[in-house]
Amino acid sequence: MTTMLEIDHVTYQWPGGQGQLGPITAAIDRGQLIGLMGPNGAGKSTLLKLIGSFWPKDAGHIQILGQDVRRLSAPERAQRLAFVPQTLSTQFDLTVREVVELGRLSQRSWRDRFLFRGRMSSGGLDAILDATELRGLQDRPFNALSGGEARRVLLASALAQKAPLLLLDEPTAHLDPGHAVKFLNLVRKMVDEDGMTVLMAYHDLATVGLYTDALWVMDQGQLVLQGSPETVLTDPKIRAIYHADLLPMRHPTTNRPMLIFP
Amino acid sequence: MTRTKRTLGNFLGAGLALCLVLILGVMHGPTAIPLPIILDRLVHPNGSVTSVIIWDIRLPEVAAAALVGGGLSVAGAVMQALLKNPLADPYIVGASAGAGLGATLAEEFVPLLNMMAPGAFIGALAAVLLSYLLSRGRGTTSMLTLILAGYAVGVILTSVTTFLMLMNRQDLSTIFAWEIGGIDGVTWTHVVLSGVLMGISLIVIWPFAHDMNALLLGEEQAHHLGVPVRRVQFILLVAASLLTAAAVYISGLIGFVGLVIPHIVRRLNGSNHRQLLPLAFLVGAVFLALAEILAESIPVVGPIPVGLVTAFLGGPYFLYLLVKQNRQGAWPA
């Protein structure tokens with residue numbers, strides 16, 4: 001099995017003496033969906049920003065498919081790694097289709113950029129719009145969409161990047177359960193059918209075990225637990241991390257592990 | 001499909017309007033020249049008074065108005081994308097104050113040569129670069145800091161300008177006229193020089209149209225989409241300043257065109273920069289050429305600087321946008 005992402009002794013000093021992240025060492029194999037857990041302020045978003053090299057790490061190495069992320073040019077990086085932010089607002093009226101098309105930005109040659117050939121092949125784009133159920137919305141202004149629709153547009157844009165590794169920052173935050181389930185099923189399908197690798201910051205202990213292949217748990221800037229949902233969710237340390245007396249349960253139909261409030 | 005048609009219609013409309021306004025601009029003036037004579041003299045210039053008026057006075061003025069209007073509009077559109085603020089304009093990060101100081105310094109210290117325009121040009125670029133360098137942070141450049149730094153640099157440079165003006169009172173009227181902005185007395189030299197500079201800036205800006213779309217989603221998302229954010233911001237900032245300086249070189253500080261025109265075009269045609277940039281150029285050119293005709297047609301007082309006309313038209317419209325967006329809650333308190 002190939003290693004998709006390798007994080008090796010990565011550290012980061014938060015500005016203003018707010019402490020340090022890491023050193024963190026971990027790896028993800030190709031075709032896995034990893035849930036990145038931890039209480040607020042544990043460092044989940046920071047770790048995602050470091051992997052995406054939006055923030056410069058202080059030490060260590062991050063490799064995607066064996067290549068150092070910092071050595072890649074911006075377009076090269078975007079062809080390997082895509083990022084779906086939690087929310088995104090803009091005061092400008094781009095359409096849904098224009099936002100999704102931005103996923104192809106890193107694949108444009110200089111020739112493309114100078115000539116009036118803005119549109120990507122409609123076949124590839126339409127398939128993505130269908131998969132994310134956005135076809136009917138493609139000419140709507142992006143900034144007028146509901147939370148669930150906007151999240152799907154950002155996912156579609158990330159899919160258009162055709163990157164094998166996808167980072168999701170709390171993709172279901174502020175979504176109602178119906179939209180959340182739909183979104184998670186879509187992500188799971190991308191992993192199972194298209195062989196994508198996903199690292200997803202996620203909060204819900206009751207549902208995380210139903211969708212993921214493995215869990216990473218962070219606390220106070222450290223990666224404190226790693227393993228299958230089974231082992232992590234039943235580890236006694238998890239209660240101390242969340243300062244809550246959580247109850248381990250099993251899903252009534254799938255028998256997958258869950259943690260629920262006492 | 002309908003969007004493509006609408007875009008096509010917008011381009012055709014703007015192109016047609018530009019042709020009409022250019023012709024109207026040549027016809028219109030202290031003595032009106034009928035269209036058949038204009039067309040004849042354009043093809044066969046014969047050294048007559050009419051021919052000289054058409055070729056050496058009206059054409060350069062109309063071309064200059066169109067260039068300045070188009071250039072300022074594109075520069076405004078770029079600044080709005082860079083600063084992620086639809087109410088940004090080409091002067092927002094210190095270009096106008098820098099140009100003002102540059103022009104004043106040139107007027108004060110090199111009075112024999114006409115160095116005001118090149119002085120303005122250098123001043124504008126220097127002020128923008130200074131603001132940019134001051135706002136460079138770790139990893140990224142904060143665009144909010146850039147606005148604030150640009151504001152502070154602007155205030156400082158403007159006070160230096162005012163001080164210099166007070167030291168030497170006889171130059172006040174020239175500089176004052178320059179700060180309002182006008183197109184009178186433009187020659188082909190101005191038009192060609194400015195046109196070349198604008199051409200260079202536009203060629204630099206154009207291939208980054210998609211990157212500007214990405215920047216509208218914020219720097220972090222643009223980064224993840226594969227935009228080398230810091231480098232692109234720097235290139236666009238310099239190119240937009242060059243464009244602004246090339247316009248300022250011809251006309252002085254004409255206000256509101258660079259703010260209002262990109263905004264109107266966004267309304268008409270959306271924010272996709274592949275369409276916005278060329279369309280903003282066309283609409284800006286039409287707007288300023290038309291404003292110049294208006295400026296020459298005010299009864300009783302005679303010709304007034306075109307900067308006054310754009311301020312009269314653009315100022316109220318800007319306030320309308322501001323109040324409207326504020327009431328829609330577009331900005332956090």
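Residues numbered from 1 in each chain as written. Chains lettered and ligands numbered in written order. Predicted model: local features only at pLDDT ≥ 70, side-chain atom pairs only at ≥ 80, totals over all residues.

Trainee: Give a description of the overall build of chain B that names residues and reports values.
Mentor: The number of helices and strands found in chain B is 14 helices and zero strands. For chain B, the sequential pattern of α-helices and β-strands runs α-α-α-α-α-α-α-α-α-α-α-α-α-α. Its C-alpha atoms give chain B a radius of gyration of 20 Å, near enough to 20 Å, the size a compact globule of 333 residues would have. For chain B, the proportion of its 333 residues judged to be buried stands at 48%. (Helix = DSSP H or I, 4+ residues; strand = E, 2+ residues; numbered from the N terminus. Rg over C-alpha atoms; globule rule 2.2 N^0.38 Å. Buried ≥ 20, exposed ≤ 12 C-beta atoms within 10 Å, placed from the backbone.)

Trainee: Now, about the overall build of chain A: what can you tell me, with residues and values included?
Mentor: Regarding its fold elements, chain A presents 10 helices and 12 strands. Structurally, chain A occupies a C-alpha span of about 60 × 45 × 40 Å along its principal axes. With 262 residues in all, chain A has 41% of them scored as buried. For chain A, the proportion of contacts with a sequence separation of at least 24, taken over those separated by at least 6, is 68%. (Contact = placed C-beta atoms within 7 Å.)

Trainee: Which residues make up helix 11 (residues 229-251) of chain B, and what values do they have?
Mentor: For helix 11 of chain B, which comprises 23 residues, the first-to-last C-alpha distance of 32 Å matches the rise-based estimate of 33 Å (1.5 Å per residue) to within 8%. The buried fraction of helix 11 of chain B amounts to 17 of the 23 residues, a majority that puts the element mostly inside the structure. (Expected span 1.5 Å × (residues − 1).)

Trainee: Can you explain the sheet that holds strand 2 (residues 20-29) of chain A? Please cite residues and give values.
Mentor: Across the sheet, which stays open at both edges, the four strands sit in the order 2-1-4-5 (chain A) with antiparallel pairing between neighbours. In this open sheet, the two strands that pair with only one neighbour each are strand 2 and strand 5 (67-68) of chain A. (Pairing = 2+ DSSP bridges.)

Trainee: Kindly report on the interface of chain A and chain B, identifying the contributing residues and their values.
Mentor: The interface of chain A with chain B comprises 29 residues on the first partner and 25 residues on the second. Broken down by secondary-structure element, the contributors of at least two residues to the side of chain A that touches chain B are helix 2 (74-80), strand 6 (81-84) and helix 4 (110-114) of chain A. Broken down by class, the residue content of the side of chain A that touches chain B amounts to 16 nonpolar, seven polar and six charged. (Nonpolar A, V, L, I, M, F, W, Y, C, P; charged D, E, K, R; others polar.)

Trainee: I'd like a description of the pairing of strand 1 (residues 3-13) of chain A, backed by residues and values.
Mentor: Residue and element names in this part refer to chain A. Taken together, the seven bridges between strand 1 and strand 2 define a ladder with antiparallel strand orientation. Bridge pairing links Leu5 to Ile28 in strand 2. Where strand 1 folds back onto strand 2 in an antiparallel hairpin, the turn is made up of six residues, including Gly16, whose phi is positive at roughly 75 degrees. Two elements, strand 1 and strand 4 (residues 59-64), share five bridges in a ladder whose sense is antiparallel. When the bridges of strand 4 are listed, Thr11 appears paired with Ala59.

Trainee: Break down the packing of helix 3 (residues 49-82) of chain B against helix 13 (residues 273-297) of chain B for me, citing the residues and quoting the values.
Mentor: Axes are the key here: two packed helices are described by the angle between their axes and the distance separating the axes. Residue and element names in this part refer to chain B. Relative orientation of the contacting elements helix 3 and helix 13 amounts to 140 degrees, with a least axis distance of 7 Å. Taken together, helix 3 and helix 13 sit at an angle that is classed as oblique. For the crossing formed where helix 3 meets helix 13, the hand is right-handed. By residue class, the composition of the contact of helix 3 with helix 13 is 18 nonpolar, five polar and two charged. (Axes fitted to C-alpha atoms, helices over the stretch in contact; angles between N-to-C directions. Parallel < 35°, antiparallel > 145°, perpendicular 65-115°, else oblique. Left-handed = near helix turned anticlockwise from the far one by under 90°.)

Trainee: Which residues make up the environment of Met212 of chain B, and what values do they have?
Mentor: Residues and elements named next belong to chain B. For Met212, the location among the structural elements is in helix 9 (residues 209-215). Overall, the presence of 25 C-beta atoms within 10 Å leaves Met212 in the buried class. Residues Met212 and Asp56 lie 156 residues apart in sequence; the distance between their C-alpha atoms is 39 Å. Sequence-distant contacts of Met212, defined by excluding residues within four places in its chain, comprise Val78, Ala81 and His273.

Trainee: So what's going on with unusual backbone geometry? Which residues, and what values?
Mentor: A negative phi holds for most residues other than glycine; trans holds for most peptide bonds. Residue and element names in this part refer to chain A. A positive phi angle, near 50 degrees, is found at Ser53, a position not held by glycine. When you line up the elements, Ser53 lands in the loop between helix 1 (44-51) and strand 4. Positive phi, close to 50 degrees, is recorded for His243, a residue that is not glycine. If you trace the backbone, His243 turns up in the loop between helix 10 (237-242) and strand 11 (247-250).

Trainee: Could you give an account of the packing of helix 3 of chain B against helix 12 (residues 257-269) of chain B, naming the residues involved and the relevant values?
Mentor: All names here are of chain B. Between helix 3 and helix 12, the least distance of the axes is 7 Å, while the angle of their chain directions is 75 degrees. Judged on the interaxial angle alone, helix 12 and helix 3 are roughly perpendicular. Across the interface between the two elements, Gly69, Leu72, Ser73, Ala75, Gly76, Ala77 and Gln80 of helix 3 pack against Val257, Gly258, Leu259, Ile261 and Pro262 of helix 12. The residue makeup of the contact of helix 3 with helix 12, split by class, is seven nonpolar, five polar and no charged.

Trainee: Tell me about the environment of Gly60 of chain A, residues and numbers included.
Mentor: Residues and elements named next belong to chain A. Its place among the elements puts Gly60 in strand 4. For the pair Gly60 and Gly227, spaced 167 residues apart in sequence, the C-alpha to C-alpha distance is 22 Å. Residue contacts for Gly60: discarding those within four places in its chain leaves Asp8, His9, Val10, Thr11, Gly22 and Pro23.

Trainee: Explain the pairing of strand 7 (residues 165-169) of chain A to me, and be specific about the residues and the numbers.
Mentor: All names here are of chain A. In terms of burial, strand 7 is a largely internal element, five of the five residues being buried. The alternating pattern of strand 7 places Leu165, Leu167 and Asp169 and Leu166 and Leu168 on opposite faces, both of which are buried. Pairing of strand 6 with strand 7, which is carried by four bridges, proceeds in the parallel orientation. Note that in strand 7 the partner of Val84 across the bridge is Leu168.

Trainee: I'd love a proper account of the nonpolar core, names of residues and values included.
Mentor: Membership of the largest hydrophobic core comes to 172 residues, with the highest contact counts inside it found for Leu166 of chain A together with Val78, Ala280, Val286 and Leu288 of chain B. For this core, the element with the most residues is helix 3 of chain B, which contributes 16 residues. Apart from the residues lying within four places of it in its own chain, the contact partners of Leu288 of chain B are Ala65, Ala66, Val68, Gly69, Val257 and Val306 of chain B. (Core = buried A, V, L, I, M, F, W, Y, C linked by C-beta atoms within 7 Å.)

Trainee: Describe in detail the sheet that holds strand 9 (residues 214-219) of chain A, supporting the description with residues and values.
Mentor: Residue and element names in this part refer to chain A. Across the sheet, which stays open at both edges, the six strands sit in the order 6-7-8-3-9-10 with mixed pairing between neighbours. Looking at the sheet topology across the chains shown, the edges are occupied by strand 6 and strand 10 (222-227). Across the sheet, the mean angle from the axis of one strand to that of its neighbour is 20 degrees, orientation sign disregarded. Looking at chain direction, strand 9 and strand 10 are connected through five bridges and run antiparallel. Within strand 10, the position partnered with Val217 by the bridge is Leu225. Those strands touched by helix 6 (residues 147-160) are strand 6 and strand 7, and its axis lies near 175 degrees from that of strand 6. Here helix 7 (residues 177-194) sits on the sheet and contacts strand 3 (33-37), strand 7 and strand 8 (197-201); the angle it forms with strand 3, its principal contact strand, is near 135 degrees.

Trainee: Lay out the confidence of the model for chain B with the relevant residues and their values.
Mentor: Mean pLDDT over chain B: 86, with 93% of residues reaching 70 or higher. As scored by the predictor, the complex reaches a pTM of 0.89 and an ipTM of 0.92. (pLDDT = per-residue confidence, 0-100.)

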